[in-house]
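# Structural description and commentary
Residue-level listing of the chains:
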Amino acid sequence: MRGARAVALLLPALLLATGCGVQGSGVVEVGDPATVHLAPDYADGTALYFQGPGGLVPVVRSVKTTGQQGAAILLLLNGPTEAEKDVGLTTQLPNYYGGLGMSTEGDEVRIRLERPVRDLTALAQQQLVCTAAHATTRDGASAVKVTVDGPDTRLAPQSCPF
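To keep things clear, this report deals only with the structure shown in the data block. (Residues numbered from 1 in each chain as written. Predicted model: local features only at pLDDT ≥ 70, side-chain atom pairs only at ≥ 80, totals over all residues. Heavy atoms only, no water.)

## Structural notes on the overall build of the protein
Regarding its fold elements, the protein presents 4 helices and 5 strands. When the helices and strands of the protein are placed in sequence order, the string is α-β-β-α-α-β-β-α-β. Split into buried and exposed, the 162 residues of the protein put 35% on the buried side. In the protein, the proportion of contacts linking residues at least 24 apart, taken out of those at least 6 apart, comes to 57%. Accessible surface for the protein amounts to roughly 10200 Å². Of this, 56% is attributable to carbon and sulfur atoms. (Helix = DSSP H or I, 4+ residues; strand = E, 2+ residues; numbered from the N terminus. Buried < 20%, exposed > 50% of the residue type's maximum accessible area, 1.4 Å probe, protein only. Contact = heavy atoms within 4.5 Å. Areas by Shrake-Rupley, 256 points an atom, 1.4 Å probe, with all protein chains shown as cover.)

## A short note on the side chain of Gln126
Tracing the sequence through the fold places Gln126 in helix α4 (residues 122-136). Under the relative-accessibility criterion, Gln126 is labelled buried at 16%. A distance of 2.7 Å separates the side chain of Gln126 from the side chain of Gln158, its partner in a polar contact. (Polar contact = N/O pair within 3.5 Å; in protein donor to acceptor, adjacent residues only side chain to side chain.)

## A look at the environment of Val148
Inspection of the secondary structure assignment puts Val148 in strand β5 (residues 145-149). With relative accessibility at 3%, the residue Val148 sits in the buried group. The sequence separation of Val148 and Gln158 amounts to 10 residues, and the corresponding C-alpha distance is 8.9 Å. Filtering out sequence-adjacent residues up to four positions away, Val148 remains in contact with Ile111, Leu113, Val117, Leu128, Thr153, Arg154 and Leu155.

Structure (structure tokens):
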């Protein structure tokens, strides 16, 4: 008797849940997920740009290099730390053990490497450009023009989009 009473009480609820008029549908494509560019708080450090799952990712190292672009570029050329690698960060920059020259004039920065630069990927170039631009100024890094020189060519001046 109890079983019949329980079924009698649950049957209307079950019928309401399945017969509510909502039709099943497949997956509806609506486009790419939203992306947000976050500006890192690097008042007490330096922003280095590494490759993450979706492109360039700023990583703040607790070393102040404002006005010392060469120090920031050397940190970048050393690649991500083990902890940074563990979270999926990599670099497009090849291993580099040569000389490094830097010069700054106003909002223009020139990086001179003793290796060919023509073969650097676009992302590797942006790693250099964004790291140098953010090491040059805390405000208005997108206004800084960075040129990368090598023994094979001089790349066109670029700005960091962040």
